[in-house]
Amino acid sequence: MIELRNVSYSYRDGMNLVPALHNINLSIRQGEWAAITGGNGSGKSSLIRMINGLLQPAEGTVAVAGLDLKSAAHRAAVKQHVQMVFQNPDAQIIGRNPAEDIAFGLENRGINRDVMITRVEGAAEQVELRHKLFAEVSTLSGGQKQRLAAASSLALAPEILIFDEATSMLDPVGRQRILSIAKSLHATGVTVIWVTQRLQELFAAKRILVLDAGRIRFDGDARSLFYESDIPDRYGWENPPIVTIGKMMREQGIPLQALPLDEAELGDIVCELNCQE
């Protein structure tokens, strides 16, 4: 679904070229959930903007949904396959109310009106905003605006949905709702790319990419990242409580694949240990 080969990219800062990506090689399969993390300036934004055709590499090739993005026509066409939910929903909401905003992209694609109405209502239902379809956008909470931004992308039925730190401005309840929406979509076969600096959100992904200084420093699963790699210590991460408990369990002989990544898994391990006793 996504293929980057030997991709490098630099952006201009005044008279200087600043390297942002260095020789990136990356394949993401259809239906995969890949989380991308890294500090500010690590290259996360440049990478995802390569995927939706907003940036072109200085070197290497990018192909998405079978489209070689060297072609301007393909960079336009890739929008049919990829949608993005941004960090700040106000940056992408343009309608006076949710109904208008969700319909905007559909109108641009010339979707039949009856089909459009069905898609608008369906997308609003998916993000629990059906009751707010005709409310003024200004009356929506931050979490509701972020769900609206997601609905506007959902209505276009993308094969790939990128969440670009979409929970960073939300409270815990709002973050959980957006994460739940992404999980539901992933379950239907949508390829999800989840960009975040929140370590807890990495656990939802089967695959995690850690970027630093424009390079991929880690590409693997959550257990390998938190329990086996030196990445958390190298970058001074504060381990989530569940990992701290898991590391103590490992010292007691619990094998890697049994170590917990969430409270449910922790509960299962504790129950099993108690049963053995």
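Calculation criteria
Residues numbered from 1 in each chain as written. Predicted model: local features only at pLDDT ≥ 70, side-chain atom pairs only at ≥ 80, totals over all residues. Heavy atoms only, no water. Helix = DSSP H or I, 4+ residues; strand = E, 2+ residues; numbered from the N terminus. Rg over C-alpha atoms; globule rule 2.2 N^0.38 Å. Contact = heavy atoms within 4.5 Å. Areas by Shrake-Rupley, 256 points an atom, 1.4 Å probe, with all protein chains shown as cover. Lys, Arg positive; Asp, Glu negative; His and termini not counted. Charge placed at Lys NZ, Arg CZ, Asp CG, Glu CD. Axes fitted to C-alpha atoms, helices over the stretch in contact; angles between N-to-C directions. Left-handed = near helix turned anticlockwise from the far one by under 90°. Nonpolar A, V, L, I, M, F, W, Y, C, P; charged D, E, K, R; others polar. Core = buried A, V, L, I, M, F, W, Y, C linked by side-chain atoms within 4.5 Å. Buried < 20%, exposed > 50% of the residue type's maximum accessible area, 1.4 Å probe, protein only. Pairing = 2+ DSSP bridges.

## Focus: the overall build of the protein chain
Okay, so step 1: Check the secondary structure of the protein chain and you find eleven helices and ten strands.
Okay, so step 2: Over its C-alpha atoms the protein chain spans a radius of gyration of 20 Å, differing by no more than 12% from the 19 Å that the globule rule assigns to 277 residues.
Okay, so step 3: With the C-alpha coordinates aligned to their principal axes, the bounding extent of the protein chain is approximately 65 × 50 × 35 Å.
Okay, so step 4: Looking at the protein chain alone, contacts between residues at least 24 apart form 61% of all its contacts between residues at least 6 apart.
Okay, so step 5: As displayed, the protein chain has an accessible area near 13800 Å², and 48% of this comes from carbon and sulfur atoms.
Okay, so step 6: Mean positive and mean negative side-chain charge positions of the protein chain (28 and 33 charges, respectively) differ by 6 Å.

## Quick look at the environment of Ala182
Okay, so step 1: Locating Ala182 in the fold gives a position in helix α6 (residues 172–187).
Okay, so step 2: Spatially, the C-alpha atom of Ala182 lies 8.5 Å from that of Phe163, the residues being 19 residues apart in sequence.

## Quick notes on the packing of helix α3 (residues 98–108) against helix α5 (residues 142–154)
Okay, so step 1: Two elements in contact, α3 and α5, have axes whose closest approach is 8 Å; the angle formed by their N-to-C orientations is 35°. Handedness of the α3/α5 crossing: right-handed. Every residue of α5 that contacts α3 at Pro98, Asp101 and Ile102 is listed here: Leu148, Ala151 and Ser152.
Okay, so step 2: Split by residue class, the contact of α3 with α5 holds four nonpolar, one polar and one charged.

## Looking at the nonpolar core
Okay, so step 1: Ranked by size, the top nonpolar core spans 58 residues in total, and within it Ile102, Phe163, Trp194, Ile208, Leu225 and Phe226 carry the most contacts.
Okay, so step 2: With sequence-adjacent residues up to four places away left out, Ile208 is seen in contact with Ala35, Leu202, Phe218, Asp219, Gly220, Asp221, Ala222 and Leu225.
Okay, so step 3: Of all hydrophobic cores here, the second largest spans 28 residues; its members include Ile2, Ile48, Val64 and Leu67.

## Some points on unusual backbone geometry
It is generally the case that most residues other than glycine have a negative phi and that most peptide bonds are trans.
Okay, so step 1: Backbone geometry places Asn6, a non-glycine residue, at a positive phi of 55°.
Okay, so step 2: Among the structural elements, Asn6 can be located in strand β1 (residues 2–13).
Okay, so step 3: The phi dihedral of Ala157 falls on the positive side, at around 50°, and the residue is not glycine.
Okay, so step 4: Turning to its location among the elements, Ala157 is positioned in the loop between α5 and β7 (160–164).

## Focus on the sheet that holds strand β5 (residues 67–68)
Okay, so step 1: Pairing is antiparallel in the open sheet, where four strands are placed in the order β2-β1-β4-β5. Edge strands, defined here as strands with exactly one partner in the open sheet, are β2 (16–28) and β5.
Okay, so step 2: In the sheet, β1 pairs with β2 via nine bridges, with the strands oriented antiparallel. Considered in β2, the bridge of Tyr9 is made with Leu21.

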